[in-house]
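# Reading the structure
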Amino acid sequence: MNLSKNLFRFALLVVLFLSQLPSHAEDGYRLWQRYDLLQNKDLLKQYRKSLGEVVVQGTSPTLTVVKDELEMGLSGLLGSKVTVSDQASKKGGLVVGTPTTSPLIKDLGLDQRLKDIGQEGFLLLSQKHKGNAYTVIAANSEKGVLYGTFHLLRLLQTQQSLEALNVTSSPKTKLRILNHWDNLDRTVERGYAGFSIWDWHKLPDYIDQRYLDYARANASIGINGTVLTNVNANSLVLTPEYLAKVKALADAFRPYGIKVYLTARFSSPIEIGKLKTADPLDPAVRAWWKSKVDEIYTYIPDFGGFTVKANSEGQPGPQNYKRSHADGANMLAEVLAPKGGIVMWRAFVYDNNVPDDRHKQAYTEFKPLDGTFQGNVLVQVKNGAIDFQPREPFHPLFGAMPKTPLMMEFQITQEYLGQGTHLAYLAPMFKETLAADTYAKGKGSTAGKIVDGSLDNHPISGMAGVSNIGNDRNWTSHPFGQANWYAFGRLAWDHELTSEGIAEEWIKMTFSNAPSQVAPIKQMMMGSREAVVNYMTPMGLHHLMGWSHHYGPGPWIKDKPRADWTSVYYHRADEKGIGFDRTKTGSNALSQYAPEVQAMWGNPATCPEEVLLWFHHVAWDAKTKSGRTLWDELCYRYSGGVDSVRAMQKTWNSLAGQVDKERYEQVKQYLDIQEKDARWWRDACLLYFQTFSKRPIPQELEKPQGTLEEYMKIEPKFAPGI
Ligand code: GCW
């Protein structure tokens, strides 16, 4: 009797213990949406009190998502089953809705405050009503309610107080969009996390749970659009067979406030329309696009529109017919406008036949077109003028086209920053561009204000991020790649958030609130991008990567079909020095910037060393700010990059036993790869540049392990993402 009683007690204890453990391995699938029981007893008490009864009235698809998320999130975080009620609350608690869905919210007298937050904003307030205390998520639209819900969950996950809440939040940028460079065969251009998450073969019939979790994750950071297909586009996606599949995804994403967009291949009228031409001024071509767009909207009534890469890297475009980019963009815009759709026309163009510095070409092409685009066209500009390098000065088009809404295009997938295996937290890089002062309308004319439309009063604005998502179980290959997806969304919502703040949120939600984890992980993240810059392309060097795969070093790359696809074109090392003279004595790309910017960058003495060799050809023996010669300084920076990775390794090792085993091990092994690669970059680049500088690597620094010949022979086979 006693024995069985004890056995029963023991079994109960085991069950209780097991119920506290996550029911699945920490494989990273849950991203930052891990709703595990909070460990802080005092806060738990406060949360239970502030949230009390949870009420969401209404049954629309979006409100159902809100309810489900609250039930899942609160039950997990608070450790006991929370059921959302749809009956008006009379005794206080959490009330969620719009003035239309919730009589209580209508009653709270929030009209003016709601007016100020627009269609996507939300209020999160502690409010008294008829003697009861409420926590209120109020918005004008259900989408706003959704964003407020995720904000509340974030407050719990990051262990913030819920007392005296008074949060007002609305997005600075209107279109917050992921760009998937995903092909219909499920390969992903520059994707390093497996294959495409879109399983076109099984669509439209099979809706993978992953699509819904993708939508949840995106909605939680305010992303409201997704371009499903590669900018190197395939017109097949515009055929009925594929539109049915696109519709299935659009239907799945709609409740999460996410619109679907497609890439439009400019030659589609020929390829799938059987026309002889794709000339944007040809009436038959225009009629074809009109009926194609009409057709798309029969499948997807809220279709977002098109992203277009035209006359760039071999893609067809209006210039094939001697028409301008504006002619092409406007043709599409005209047929999309009545439907509420938009065109995101990329400015990433450079021409084979133009011998000019590639840095200058997008500006040369687009600036004269300012003011000629239809109102529903945004020109999508990469953060820098070349191509997503570890560091680029801001693109000269920012500030140069005040009459055109310019979208920012960032690359979340780390094509040039170690791809799927290097830890590089990109928020500091995104912020660097967003905070850059273009001086377009005097001091304070930051790229962020141009992109959010506030500087030039544009009604539409946007930010696009080239996605790093694939079908890897943890979505992004590197567990820290998730932070870049997260940071992109948060900055698209509000580009004034700080990199530190975003990192802190992400760490707390993804790993732990324990200061013993938050502080060291944050430190690793904050220095990580600069580490990559240093071991790959310090001091303004750029485009030194290996041919085609872009993974390892290739500063020796030359003699390719295009000069501006080689490394020697960009670093211009010779026996005198190194760097690309972009001042008046060189390509004069600097002339594309405002006079204040020109003055600062044009003079090597005032040009920040971070971009020195981007704009100047500098002598090997020139003195740098550290007092060292340029050559020595380069050696120090390359070595410093390797040291930083080693410091990250040390920090991570100190977290053994604190971070769960799966993620700990994966990051540890990836850091080993990163350290090896950092040495590879350092050694290959220094040995190569040494053939010009003819100077020794300073005695006190580590010496290269291999020879230049050995490094030049390395040719990674079947590298992903090509
Ligand atoms: O970064 C480069 C990539 C190409 C890409 C291109 C672009 C989609 O190497 O793979 O093509 O930019 O942005 O269009």
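Residues numbered from 1 in each chain as written. Predicted model: local features only at pLDDT ≥ 70, side-chain atom pairs only at ≥ 80, totals over all residues. Heavy atoms only, no water.

As annotated in an unreviewed UniProt entry, the chain is Xylan alpha-1,2-glucuronidase from Rufibacter hautae. Turning to the chain, the UniProt annotation filed under Sequence similarities (unreviewed entry) states: "Belongs to the glycosyl hydrolase 67 family." Comment text from UniProt for the chain, heading Catalytic activity (unreviewed entry), reads "Hydrolysis of (1->2)-alpha-D-(4-O-methyl)glucuronosyl links in the main chain of hardwood xylans." (UniProt positions renumbered as here; feature names shortened; annotations may be inferred.)

### A short note on the overall build of the chain
Each helix and strand in the chain was counted, giving 23 helices and 15 strands. Computed over the C-alpha atoms, the radius of gyration of the chain is 27 Å, within 12% of the 27 Å expected from 2.2 N^0.38 for a compact globule of 722 residues. Judged by the C-alpha coordinates and their principal axes, the chain covers about 85 × 70 × 50 Å. Taken across its 722 residues, the chain has 61% of its residues classed as buried. Here the chain has roughly 27800 Å² of accessible surface; of this, 55% comes from carbon and sulfur atoms. Of the side-chain charges in the chain, 81 are positive and 77 negative, and the distance between the mean point of each set is 3 Å. (Helix = DSSP H or I, 4+ residues; strand = E, 2+ residues; numbered from the N terminus. Rg over C-alpha atoms; globule rule 2.2 N^0.38 Å. Buried < 20%, exposed > 50% of the residue type's maximum accessible area, 1.4 Å probe, protein only. Areas by Shrake-Rupley, 256 points an atom, 1.4 Å probe, with all protein chains shown as cover. Lys, Arg positive; Asp, Glu negative; His and termini not counted. Charge placed at Lys NZ, Arg CZ, Asp CG, Glu CD.)

### Observations concerning the site of the ligand
The local shell around the ligand holds 15 residues, among which Glu189, Lys309, Arg346, Lys382 and Glu415 are the closest. At a separation of 2.9 Å, an oxygen atom of the ligand approaches a polar side-chain atom of Arg190. Look at the ligand: alone it shows 340 Å² of surface, and the protein chains cover 97% of it. Residues belonging to the shell around the ligand are distributed by class as follows: four nonpolar, three polar and eight charged. (Near = heavy atom within 4 Å. Polar contact = N/O pair within 3.5 Å; in protein donor to acceptor, adjacent residues only side chain to side chain. Nonpolar A, V, L, I, M, F, W, Y, C, P; charged D, E, K, R; others polar.)

### Examining the UniProt feature "domain: Alpha glucuronidase N-terminal" (unreviewed entry) in the chain
Taken from the UniProt record, the annotation "domain: Alpha glucuronidase N-terminal" (unreviewed entry) applies to residues 31-152. The distance separating the terminal C-alpha atoms of residues 31-152 is 17 Å; by composition the span is 42% helix and 20% strand.

### Focus on the side chain of Thr629
Its place among the elements puts Thr629 in the loop between β15 (618-619) and α21 (630-653). Using a relative accessible area of 16% as the deciding quantity, one classes Thr629 as buried. Thr629 has contacts with Trp620, Asp621, Ala622, Lys623 and Thr624, leaving out every residue within four places of it along the chain. (Contact = heavy atoms within 4.5 Å.)

### What about the pairing of strand β10 (residues 342-346)?
For β10, the tally of buried residues reaches five of five residues, placing the bulk of the element in the interior. Along β10, one buried face is formed by Ile342, Met344 and Arg346 and the opposite face, lined by Val343 and Trp345, is buried too. Direction of pairing for strand β9 (residues 305-308) relative to β10: parallel, over a ladder of four bridges. By the bridge assignment for β10, Phe306 is matched with Val343. Crossover handedness for the path β9 to helix α11 (residues 325-336) to β10: right-handed. (Pairing = 2+ DSSP bridges. Right-handed = clockwise from strand over helix to strand, strands pointing away.)

### So, unusual backbone geometry
Here the residue pair Leu203 and Pro204 is connected by a cis peptide bond, since its omega of 0° sits within 30 degrees of zero. Following the sequence through the fold, Pro204 ends up in the loop between β6 (175-179) and α7 (209-220). Although it is not a glycine, Phe388 sits at a positive phi angle of roughly 50°. By secondary structure assignment, the location of Phe388 is in the loop between β11 (377-382) and β12 (406-411). One non-glycine residue, Asn457, adopts positive backbone phi at about 55°. Positionally, Asn457 belongs in the loop between α14 (447-451) and β13 (462-466).

### A word on the sheet that holds strand β2 (residues 93-97)
Read from one edge of the open sheet, five strands run β1-β2-β4-β3-β5, paired in mixed fashion. Among the strands making up the open sheet, the edge pair consists of β1 (53-56) and β5 (166-169). If you compare each strand with its neighbour and ignore which way they point, the axes differ by 20° on average. Pairing of β1 with β2 involves four bridges; the strand directions are parallel. From the neighbouring strand, Val56 faces β2, where its bridge partner is Val96. The strands touched by helix α2 (residues 41-51) within the sheet are β1, β2 and β4 (132-138), with β2 carrying the most contacts at an inclination of about 55°. Together, β1 and β2 form the strand contacts of helix α3 (residues 61-78), whose direction differs from that of β1 by roughly 165°. (Axes fitted to C-alpha atoms, helices over the stretch in contact; angles between N-to-C directions.)

### As for the domain arrangement of the chain
Structurally, the chain comprises domain 1 (25-169), domain 2 (175-510) and domain 3 (534-580 + 617-713). Computed from C-alpha atoms alone, the centre-to-centre distance between domain 1 and domain 3 is 48 Å. (Domains from an automatic or database assignment.)

### Observations regarding the sheet that holds β10
Pairing is parallel around the closed barrel formed by eight strands, whose spatial order is β6-β7-β8-β9-β10-β11-β12-β13. Pairwise comparison of adjacent strand axes, ignoring direction, gives a mean angle of 25° for this sheet. Bridging between β6 and β13 involves five bridges; their strand directions are parallel. Directly across from Leu175, in β13, lies its bridge partner Gly462. Of the strands in this sheet, β12 and β13 are in contact with helix α13 (residues 427-434), which crosses β12 at around 155°.

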